[in-house]
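# Coordinate analysis (summary)
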Amino acid sequence: MSRDASSPIGSEKMLDDYFFSVEDVAFAARANFAGGARAFYDAMDADECYAALSRRVRLNDGLAKLVYERVVALSKVSSDPDYENPLDVALAAYLRILLYSSPALAINAARVIADTPRIWWAEHLASKVRARAGSDILEFSREPNVEAMTSRQFSLPDSFLANRASTQLIRLQAKPNG
Amino acid sequence: MRLHPDLLAEGEKIIRGAVDDDDILHVRSRDNVYNCAGMIFSARRTQIDIEDFEWIVEDDGYRELSEADISYGDLVFYYKEEKPKHVGVIVKRQTEETWVLSQWGSYCEILHPLRVTYEAYGEPRRFFTDRK
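Notes on the structure follow. This structure is a prediction, so every number in the text was calculated from the model and none was measured.

What follows deals with the overall build of chain B. If you tally the helices and strands in chain B, you get 3 helices and 7 strands. Relative to its length of 132 residues, chain B is compact, with a C-alpha radius of gyration of 14 Å against a globular reference of 14 Å. If one aligns the C-alpha atoms of chain B with their principal axes, the spans along those axes are about 45 × 35 × 25 Å. A buried classification covers 39% of the 132 residues belonging to chain B. For chain B, restricting intrachain contacts to residue pairs at least 6 apart in sequence, the fraction spanning at least 24 positions comes to 57%.

Rendered as structure tokens:
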């Protein structure tokens, strides 16, 4: 039976498929090859399911709430304390989707992520969202050039980067150990 | 904090699938504390965003050179779609083969031929040296 995106049931099934893909270990594994934030986002964009889900959520405000609910649900999933949270990439992916579709939910999601243990990529993005909460930057997230927002606008100003002593602080953002 | 075993296994599967003959890849170490740029610019202590490399190499006194002039100890930056994706250090340079040591994402340090990498890293494009 073909899926009908216009029907609520078909739409839900399709969404579950997208959620499954974004939360799958294969998606996380590919993203973890990234050497930096932009490469990490590029890896996400290269994934058909992520791209399709992101597109659908941007076109339908009601879906953003479902994505937010996935963030809340994933943040409550217990994981082995000896390892990084295997849902780290999925949380980052959902937060990024919310950034593009519902800034208010993105801020809430970023706060939920703050309490999620042993994550790296998701917290990397969430900390920037929390820092920007209250400013007008997030309000621009509906504009087409969303890449610029997640990378350049989240970067520190050039004046701050000009000083080597200051930049050491940025360069040495160690992954949490132990 | 170590990667979850399921994620590690999937990553290794992708690495082995990146080449026709996986005997060509030699894993030196498995660690996810650092990434490719962190392996080189932070002595394996942390992650550094590859996007920051231009000002780091300038700050650290590197100079760019052509592939023909590279030697062991020099750096190679891989590009895809005009964006830097990966960096490694040249460890062996002979007439017919060049070998690179680089950290592949959050997975492992690998000794690999210059033009054999994970496909998302693209091609070797720019080379730098700090030789005096």
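That covers the picture; the talk isn't over yet.
Our next topic: helix α8 (residues 121-132) of chain A. Residue and element names in this part refer to chain A. Along its 12 residues, α8 runs 17 Å from first to last C-alpha, staying within 8% of the 16 Å computed at 1.5 Å per residue. Burial in α8 covers these residues: Trp-121, Ala-122, Glu-123, Leu-125, Ala-126, Lys-128 and Val-129. Residues of α8 that are buried in the fold lie against α3 (37-45), α6 (88-101) and α7 (103-114).

Before going further, it helps to spend a moment on helix α5 (residues 61-75) of chain A. Residues and elements named next belong to chain A. Compared with an ideal rise of 1.5 Å per residue, which puts 15 residues at 21 Å, α5 spans 22 Å between its outermost C-alpha atoms and is within 8% of the ideal. Burial in α5 covers these residues: Ala-64, Val-67, Tyr-68, Arg-70, Val-71 and Leu-74. The arc that holds every buried residue of α5, seen down its axis, measures 150 degrees, which confines them to one face.

With that settled, consider the interface of chain B and chain A. Contacts between the two partners involve 30 residues from chain B and, on the opposite side, 29 residues from chain A. For the side of chain B that touches chain A, the elements supplying multiple residues, two or more each, are α1 (5-17), α2 (36-41) and β4 (83-93) of chain B. If one sorts the elements of the side of chain B that touches chain A by residue count, α1(B) sits on top with 5 residues. Here the side of chain B that touches chain A is composed, by residue class, of 12 nonpolar, 9 polar and 9 charged.

The subject of this paragraph is the nonpolar core. Residues and elements named next belong to chain A. Ranked by size, the top nonpolar core spans 75 residues in total, and within it Val-71, Leu-91, Tyr-94, Leu-95, Leu-98, Ala-109 and Ile-113 carry the most contacts. Broken down by element, the residue count for this core peaks at 10 residues, all from α6. Setting aside anything within four residues of it in sequence, one finds Ala-109 in contact with Tyr-68, Val-71, Tyr-94, Leu-95 and Leu-98.

Residue and element names in this part refer to chain A. As a packed pair, helix α4 (residues 48-59) and α6 sit with axes 9 Å apart at the nearest point and diverge in direction by 35 degrees. Taken as a pair, α4 and α6 cross one another with a handedness that is right-handed. Contacts from Tyr-50, Leu-53, Ser-54, Val-57 and Arg-58 of α4 reach α6 at Ala-93, Ile-97, Tyr-100 and Ser-101. Residue classes in the contact of α4 with α6 are distributed as 6 nonpolar, 2 polar and 1 charged.

All names here are of chain A. Relative to each other, α5 and α6 sit at 155 degrees, their axes nearing to 10 Å. On the basis of their axis angle, the class for α5 and α6 is roughly antiparallel. Classified by chirality, the crossing of α6 by α5 is left-handed. Contact residues: Ala-64, Val-67, Tyr-68, Arg-70, Val-71, Leu-74 and Ser-75 in α5; Ala-90, Leu-91, Tyr-94, Leu-95, Ile-97, Leu-98 and Ser-101 in α6.

Further remarks concern the sheet that holds strand β1 (residues 26-30) of chain B. Residue and element names in this part refer to chain B. Spatially, 7 strands are ordered β1-β6-β5-β4-β3-β7-β2 in an open sheet, and the strand pairing comes out antiparallel. Sheet topology places β1 and β2 (63-65) at the edges, where each strand pairs with a single neighbour. Recorded for the sheet is a direction-independent mean angle of 35 degrees between the axes of neighbouring strands. The pairing of strand β3 (residues 75-80) with β4 spans 6 bridges and is antiparallel. Within β4, the position partnered with Lys-80 by the bridge is Lys-83.

A few words now on the pairing of strand β5 (residues 98-104) of chain B. Residue and element names in this part refer to chain B. Counting buried residues along β5, 5 of its 7 residues qualify, which places the element largely inside the surrounding structure. Sheet topology places β4 next to β5; 4 bridges connect them, and they run antiparallel. Across the sheet, residue Val-89 finds its bridge partner in β5, namely Leu-101. Taking the residues that link successive antiparallel strands as the turn, the β4-β5 hairpin has 4 residues. As defined by bridge partners, β5 adjoins strand β6 (residues 108-113) across 6 bridges and the pair is classed as antiparallel. Among the inter-strand pairings, Trp-99 is bridged to a residue of β6, identified as Pro-113.

The residue A:Val22 is located in helix α1 (residues 8-22) in this model. On a C-alpha basis, the gap between A:Val22 and A:Met44 in space is 9.1 Å, while along the polypeptide they are 22 residues apart.

So, on to the environment of B:His112. Residues and elements named next belong to chain B. Secondary-structure assignment places His-112 in strand β6. Measuring from C-alpha to C-alpha, the distance between His-112 and Thr-98 comes to 8.6 Å, with 14 residues separating the pair along the chain. Apart from the residues within four sequence positions on either side, His-112 is in contact with Ile-24, Leu-25, Trp-99, Val-100 and Thr-117.

What counts, and where the lines are drawn
- Residues numbered from 1 in each chain as written.
- Chains lettered and ligands numbered in written order.
- Predicted model: local features only at pLDDT ≥ 70, side-chain atom pairs only at ≥ 80, totals over all residues.
- Helix = DSSP H or I, 4+ residues; strand = E, 2+ residues; numbered from the N terminus.
- Rg over C-alpha atoms; globule rule 2.2 N^0.38 Å.
- Buried ≥ 20, exposed ≤ 12 C-beta atoms within 10 Å, placed from the backbone.
- Contact = placed C-beta atoms within 7 Å.
- Expected span 1.5 Å × (residues − 1).
- Arc of directions from axis to C-beta.
- Nonpolar A, V, L, I, M, F, W, Y, C, P; charged D, E, K, R; others polar.
- Core = buried A, V, L, I, M, F, W, Y, C linked by C-beta atoms within 7 Å.
- Axes fitted to C-alpha atoms, helices over the stretch in contact; angles between N-to-C directions.
- Left-handed = near helix turned anticlockwise from the far one by under 90°.
- Parallel < 35°, antiparallel > 145°, perpendicular 65-115°, else oblique.
- Pairing = 2+ DSSP bridges.

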